[in-house]
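One letter stands for each residue in the lines below.
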Amino acid sequence: MNKEEELRFALSRAADRMRSLNVGTSGNVSARLEDDFIISPSGVSVFKPNDAIKVNIRTRLSVERGHRGKPSSEKDLHALIYEVRSDIASVVHFHSSTALALAAVEPWPAGQDVLSPYAVPLFHYDLWHLGIEGKHRGIPFVPYAHPGSIVLAEQVANAFKQNRAKVAVMERHGAVTLGATVSEAVQNAIFFQHLAKSYLRAVSLARESGRTLRLFSPEEFDDFRREVERMGYGRKD
């Protein structure tokens, strides 16, 4: 099995894993293949490996010959992310109920070092695993633009370029996660779902009880990050 065949099988398996994160045929997943990427077809929730469609990153056009399907309507979003993030090999976009809830709530203000406000501020140390840095203070929140539009694609790509994160929330739309592999990108989506549920519950409890939501300061977050790296926290080796 060559590299392309491996990625096609990985994408087909990923779509099956993502069924708990999406409703109907929403959501999409892709994997980088040199100057191209392979993406889930439009209008389906699960698909066979050969149903996925190869698209050129630069032109954002399908390079498949004789393929009867068409690529996901969010192909521009995937392409622009690959252009700005050479460290990323897979992109997942999903519309889970938790992601939609966060996407509909006014975000926390941003710092002056980034362009986006935050869907989830520095409230839990597990944000570290999603590539969040203390100076950015949380998961980036991308302002609304129509789904499938080039404006949305550019805004999401810019947020990932500025923050170097592995997750972003799109206002009134859903979320995007990234990974060095297809499996990692999907796992980050599942991980984000857990983190977002915890955050929304914490906000609700704080509001109901009149108590303060305790957040990490950027200094505390970065101190924890350094300690994790020193200890090798969570590593198998």
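Everything below is about the structure printed above this text.
What counts, and at which threshold
- Residues numbered from 1 in each chain as written.
- Predicted model: local features only at pLDDT ≥ 70, side-chain atom pairs only at ≥ 80, totals over all residues.
- Heavy atoms only, no water.
- Helix = DSSP H or I, 4+ residues; strand = E, 2+ residues; numbered from the N terminus.
- Rg over C-alpha atoms; globule rule 2.2 N^0.38 Å.
- Contact = heavy atoms within 4.5 Å.
- Areas by Shrake-Rupley, 256 points an atom, 1.4 Å probe, with all protein chains shown as cover.
- Lys, Arg positive; Asp, Glu negative; His and termini not counted.
- Charge placed at Lys NZ, Arg CZ, Asp CG, Glu CD.
- Core = buried A, V, L, I, M, F, W, Y, C linked by side-chain atoms within 4.5 Å.
- Buried < 20%, exposed > 50% of the residue type's maximum accessible area, 1.4 Å probe, protein only.
- Phe/Tyr/Trp six-rings, centres within 6.5 Å; stacked < 30°, edge-to-face > 60°.
- Lys NZ or Arg CZ within 6 Å of the ring centre and 35° of its normal.
- Pairing = 2+ DSSP bridges.
- Salt bridge = Lys/Arg side-chain N within 4 Å of Asp/Glu carboxyl O.

### Quick notes on the overall build of the protein
No. 1: The helix and strand inventory of the protein stands at six helices and eight strands.
No. 2: Shown N-terminal to C-terminal, the secondary structure of the protein runs as helices and strands in the order α-β-β-β-α-β-α-β-β-α-β-β-α-α.
No. 3: Computed over C-alpha atoms, the radius of gyration of the protein comes to 18 Å, within 12% of the 18 Å expected from 2.2 N^0.38 for 237 residues, which places it in the range of a compact globule.
No. 4: Expressed as lengths along the three principal axes of its C-alpha atoms, the size of the protein is roughly 60 × 40 × 30 Å.
No. 5: Of all intrachain contacts in the protein linking residues separated by at least 6 positions in sequence, the fraction that spans at least 24 positions is 63%.
No. 6: Accessible area of the protein: about 12,200 Å², with a carbon and sulfur share of 49%.
No. 7: Distance between charge centroids for the protein: 3 Å, based on 31 positive and 28 negative side chains.

### Points about the nonpolar core
No. 1: Ranked by size, the top nonpolar core spans 44 residues in total, and within it Ile139 and Phe192 carry the most contacts.
No. 2: In terms of residue count, the dominant contributor to this core is helix H5 (residues 182-209) (ten residues).
No. 3: Aside from chain neighbours lying at most four places away, what touches Ile139 is Pro117, Tyr118, Ala119, Val120, Leu127, Ile132, Val167, Ala168, Val169, Phe192 and Leu195.

### Quick word on helix H2 (residues 75-84)
Three- or four-residue spacings in an α-helix give side chains the same orientation, since the helix completes a turn every 3.6 residues.
No. 1: Burial of H2 is extensive: seven of the ten residues sit out of reach of the surface.
No. 2: Every buried residue of H2 is listed here: Asp76, Leu77, His78, Ala79, Leu80, Ile81 and Tyr82.
No. 3: Where the residues of H2 are buried, they touch strand E1 (28-33), strand E2 (36-39), strand E4 (90-94), helix H4 (150-163), strand E7 (167-170) and strand E8 (174-179).

### Considerations on the packing of aromatic side chains
No. 1: Tallied over the entire structure, the rule returns five aromatic pairs.
No. 2: Ring centres 6.0 Å apart and planes at 75 degrees place the aromatic pair Phe216 and Phe221 in the edge-to-face group.
No. 3: With a relative accessible area of 27%, Phe216 lands in the partly exposed category.
No. 4: Against the face of Tyr144 rests Arg172, its NZ or CZ located 4.7 Å from the ring centre.

### Remarks on the pairing of E2
No. 1: Neither face of E2 is open: one carries Asp36 and Ile38, the other Phe37 and Ile39, and all of them are buried.
No. 2: One ladder, built from four bridges, connects E1 with E2; its direction is antiparallel. Bridge assignment links Leu33 to a residue of E2, and that residue is Asp36.
No. 3: Linkage of E1 to E2, two consecutive antiparallel strands, is achieved through a turn of two residues, within which Glu34 is found at a positive phi near 55 degrees.

### Quick look at the pairing of E4
No. 1: Counted residue by residue, E4 has five buried out of five residues, so it is predominantly covered.
No. 2: By the alternation rule, side chains of E4 split into Ser90, Val92 and Phe94 and Val91 and His93, which are all buried.
No. 3: Here four bridges tie E1 to E4, and the two strands are oriented antiparallel to one another. Residue pairing in the sheet places Asn28 in a bridge with His93 of E4.
No. 4: Pairing analysis gives five bridges linking E4 to E8, with the strands arranged antiparallel.

### Things to note about the pattern of salt bridges
Opposite charge on two side chains makes pairing possible when the charged atoms of those side chains draw close.
No. 1: Scanning the model with the defined rule gives eleven salt bridges in all.
No. 2: Measuring nitrogen to oxygen at the nearest pair gives 2.9 Å for the salt bridge that ties Asp87 to Arg85.
No. 3: Residue class for Asp87 comes out partly exposed when judged on its relative accessible area of 38%.
No. 4: Two residues, Arg230 and Glu227, come together in a salt bridge whose shortest N-O distance is 2.5 Å. Here the residue Arg230 and the residue Glu227 both occupy positions in helix H6 (residues 218-231), the gap between them amounting to three residues, near one helical turn.
No. 5: Among the ionic contacts, a cluster of salt bridges with common partners joins Glu4, Arg8, Lys54 and Glu64.

### Points about the environment of Tyr125
No. 1: You can see Tyr125 is positioned in the loop between strand E5 (118-121) and strand E6 (138-142).
No. 2: According to the relative accessible area criterion, Tyr125 is partly exposed, its value standing at 29%.

### Structural notes on the environment of Leu21
No. 1: With respect to the element layout, Leu21 can be found in the loop between helix H1 (3-17) and E1.
No. 2: You can call Leu21 buried: its relative accessible area is 4%.
No. 3: When the C-alpha positions of Leu21 and Ser96 are compared, they lie 4.5 Å apart, and in sequence the two are 75 residues distant.
No. 4: With near-sequence residues (within four places) excluded, Leu21 lies in contact with Phe94, His95, Ser96, Ala189, Ile190 and Gln193.

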